Amino acid sequence: MISRLPSAAPPLLVGLLIFLLVLGSRSAGLLQGLELALYDGLAALQPAAGPPPVTLVLIDEKDVEALGFWPPSDGVLARLSTLLLVHEPRAVGFDLYRDRPVAPGSEELDRLLATAPSLVWIAKFGGPGETAVAPPAALADPDRVGFSDLLLDPGGIVRRAALFLDDGETASWAFALQLARRYLLPLGVVPAPDPEEPELLQLGAASFRPLDRTAGGYQRLDARGYQILVDAAALAADLPVLSLRQVLAGDLDPRLIRERVVLVGVSAASIKDLFYTPRNRWQADAAPTPGVAIHAALVAQLIAAARGGRPPLAWAGEMTEILVLLAAALLGGWAGLQGPSPWRFLLLAGGGSAILAGTGGAALALGSWLPMAAPLVAFLGSATGAVAYGVSRERRQRQQLMEIFSRHVSDEVAATLWQERHQFLEGGRPRPRKLTATVLFTDLVGFTTLAEGLSPAALLAWLNEYLTAMAEEVSAHGGIVNKYIGDAIMAVFGVPLAREGDSGAAADAGRAVACALAMGRRLAQLNRRWHETGQPLVGMRIGIATGPLVAGSVGAARRLEYTVLGDTVNTAARLESYDKASFRPDPLRTPCRVLVTGATWTLVADRFQAESVGQIQLRGKGETVPVYRLHQEAAG
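Caption draft 1: Geometry of the pattern of salt bridges. Tallied over the entire structure, the rule returns 24 salt bridges. The shortest N-O distance in the salt bridge between Glu-472 and Arg-522 comes to 2.6 Å. With Glu-472 in helix α16 (residues 456–476) and Arg-522 in helix α17 (residues 501–533), the pair connects residues that are 50 residues apart, well separated along the chain. Judged by relative accessible area, Glu-472 falls into the partly exposed class, the value being 41%. Taking relative accessible area as the criterion, Arg-522 reaches 22% and is therefore assigned partly exposed. We note a salt bridge from Arg-541 to Glu-576, for which the minimum N-O separation is 3.1 Å.

Caption draft 2: How the structure looks around the environment of Ala-512. Along the chain, Ala-512 falls in helix α17. Along the chain, Ala-512 and His-477 lie 35 residues apart, while their C-alpha atoms are 7.2 Å from each other. Setting aside its immediate chain neighbours within four residues, Ala-512 contacts Thr-438, Leu-440, Phe-493 and Ile-544.

Caption draft 3: Structural view of the sheet that holds strand β13 (residues 261–266). Spatially, the six strands line up as an open sheet ordered β4-β3-β2-β13-β1-β12, and their pairing is parallel. Edge positions in the sheet fall to β4 (145–147) and β12 (241–243), since each has one partner strand and no second. Put simply, the sheet's adjacent strands are angled 25 degrees from each other on average, direction ignored. Pairing analysis gives three bridges linking strand β3 (residues 119–123) to β4, with the strands arranged parallel. Within β4, the residue paired with Ile-122 across the bridge is Gly-146.

Caption draft 4: Geometry of the sheet that holds strand β10 (residues 206–208). Taken in spatial order, the three strands of this open sheet run β8-β9-β10, and their pairing is antiparallel. Lying at the two open borders of the sheet, with one neighbouring strand each, are β8 (191–193) and β10. Averaged over all adjacent pairs, the angle separating strand axes in this sheet is 35 degrees, with direction ignored. Sheet topology note: the strand β9 (residues 201–203)/β10 ladder contains three bridges and is antiparallel.

Caption draft 5: Structural view of the packing of helix α4 (residues 74–85) against helix α5 (residues 106–115). At their nearest, the axes of α4 and α5 sit 7 Å apart, and the two run at 40 degrees to each other. Relative to α5, α4 is oriented oblique. The interaxial crossing formed by α4 with α5 has left-handed handedness. Along the contact surface, α4 presents Asp-74, Leu-77, Ala-78, Ser-81, Thr-82 and Leu-85, while α5 presents Ser-106, Glu-108, Leu-109 and Leu-112. Within the contact of α4 with α5, the residues separate by chemical class into five nonpolar, three polar and two charged.

Caption draft 6: Up close: the packing of aromatic side chains. Overall, the coordinates contain ten aromatic pairs when judged by the stated rule. A centroid spacing of 4.3 Å and a plane angle of 10 degrees characterise the contact between Phe-94 and Trp-121, whose relative ring orientation is stacked. A residue pair is termed long-range when its members are at least 10 positions apart, and Phe-94 in strand β2 (residues 91–94) and Trp-121 in strand β3 qualify at 27 residues. Through a chain of ring-to-ring contacts, three or more aromatic side chains come together here, namely Phe-447, Trp-462, Tyr-466 and Trp-530. Over the aromatic face of Tyr-183 sits the side chain of Arg-90, whose NZ or CZ is 4.4 Å from the ring centroid.

Caption draft 7: Representation of the pairing of strand β25 (residues 592–597) within the structure. Within β25, six of the six residues are buried, which leaves it mostly tucked inside the rest of the structure. What you see with β25 is no split at all: Cys-592, Val-594 and Val-596 on one side and Arg-593, Leu-595 and Thr-597 on the other are buried throughout. Across three bridges, the pairing between β25 and strand β27 (residues 625–630) is antiparallel. Looking at β27, one finds that Leu-595 is bridged to Arg-629.

Rules of the game
- Once a new chain begins, its residue numbering starts again from 1 and follows that chain's sequence as written.
- Local features in this predicted model are restricted to residues of pLDDT 70 or higher, and side-chain atom pairs are both shown and tallied only at a pLDDT of 80 or more, whereas totals for entire chains, interfaces and linings draw on every residue.
- Only hydrogens and water are removed before side-chain values are computed, so all heavy atoms of the structure are retained for them.
- Here, a salt bridge means any side-chain nitrogen of Lys or Arg that lies within 4 Å of a carboxyl oxygen of Asp or Glu.
- Only DSSP runs of H or I with at least four residues qualify as helices, and only runs of E with at least two residues qualify as strands; both kinds are numbered from the N terminus onward.
- For every residue, the accessible area (1.4 Å probe, protein chains only) is compared with the maximum for its type, and the residue is labelled buried under 20%, exposed over 50%, or partly exposed between those bounds.
- We call two residues contacting when some pair of their heavy atoms lies within 4.5 Å.
- If DSSP finds at least two bridges between two strands, the strands pair.
- Comment: axis = line fitted to C-alpha atoms, over the contacting stretch for helices; angle = value between 0 and 180 degrees taken between N-to-C directions.
- Note that the term roughly parallel is reserved for angles under 35 degrees, roughly antiparallel for angles over 145, roughly perpendicular for angles of 65 to 115, and oblique for everything else.
- A crossing counts as left-handed when the near helix is turned anticlockwise from the far one by less than a right angle, and as right-handed when that turn is clockwise.
- For this scheme, ten residues count as nonpolar: Ala, Val, Leu, Ile, Met, Phe, Trp, Tyr, Cys and Pro. Four count as charged, namely Asp, Glu, Lys and Arg, and the remainder, Gly too, count as polar.
- Note on ring pairs: Phe, Tyr and Trp rings are taken, using the six-membered ring of Trp, and paired if centres are within 6.5 Å. Classes follow the plane angle, with under 30 degrees stacked, over 60 edge-to-face and the rest tilted.
- A ring has a charge above it when a Lys NZ or an Arg CZ is no more than 6 Å from the ring centre and no more than 35 degrees off the ring normal.

Structure follows, in structure tokens:
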């Protein structure tokens, strides 16, 4: 349908088709990489969380050089522990494997591990293809041991962490959870089942829902254990950082230790305990994050949530994601049908994409992961599909329009018709219109005798030469050849681009009269050439009437014809044939008789000369019509 506003059906159908394709691709996991990449980009834009009660002691390259060996001995770790414990931290966590003694100082470290309940150490839980690593042998209390296994997504990105792991025989707590619970214990906060959903872990004011296989942008996730999302805002938090050298030298502010959680780990690149997170994935010059810093962010995240701060990151439910996907697909279909302009499409596509991405970013800022890559793909896919549909539809409509009008009007008028198609087309057909126009009918004198004297081929060649010349005059004077009826021509002035008002009707009538006189001169020229070549000569009668008529299309959908109907058409036809027996043309000088109605003459009398024929009773009309015969000047 040709219409100014796109119908609801095309964008709905295009959007639904793209929705189903994207939904299937999403369910198959084909969009997971794109979803995770977009999540990383949005997460990297999140503002940093407030300063948590967590301090890092990092062993950097200079510390490694100062030690002169790796790993640090038990004596170094015992001395470090003593210097930290004197300032009364709530917990000190060591992100260093120590499954076997490293002399010297092993006895001193064992004594501290046995007597200092604030010390927490890591172990490696292991799993398929991985070897477990035990905690220090002297650390008999399992509540002071936590696994440090970090979960890596494809590409080596850390986005999630396990709070518990269970291999069917052994259940272990995460290193970060052990540290957080030690910080929260003096506040009366201990891990417990959620009262309403006992399968969930409750920690103070927050309940943590574990990731499932399709949480957020994941599809078919290995959700073993009890996993949660690592908050990128916590990863960006500004944590106090001390070096090993500073602590061993006593060069520290006790306020950075007292009543806080202290994590000791490695940042030296040579030790290779570095990872990428959503915060630094897209930063080409960003250094990877030390594993201990990721544990520290998780500790900060747990403590903040338990104390009523930023809640645990959630994710939209499956039904919400599907509804957003459907809305994006339909929105894309609508955007793609708003117009063929590339700039308009780019503006709508860019604006829609920005809105969708902004919605995902806003949801993440509010603590919920709303996957937006699939909606973006659906939006852009629907928009592109709708544009392709619109271009195809426009091509069909233009072809249909040209099929209707190309034989009637010039290329320039056809182009104007296409540009202004919304004004006069409806449902693929010219909209029926009542208007005032001027109709011109022609017929040849002596054509029957001429036809009897020529062969079929010669007759058609002669007739086509004549019709071509007359059609050129009609087109040159702004009219359209509406139809050919044998040797007769019906032309109309004032359609399909109607001119409004009396001035428009007068202009159309003037063009029709000028065209009739030009046709007479052109016929005289043809007759002279035909005379020279021994071909038949003819005369022509023309009738012109101005008045109201109905313009539109008739015929079947596959064969439409644009035409005009009404008494004005009949009057022009009757006028052309009026008293035809009395007309004796001079083929070489004045081969044409032009009769016009009084309505036409009133509009053109100031520009042409004519004589009154009188009030004529035309065949088929009940009333007489004033008729004038134009003066046909001799053709030069």
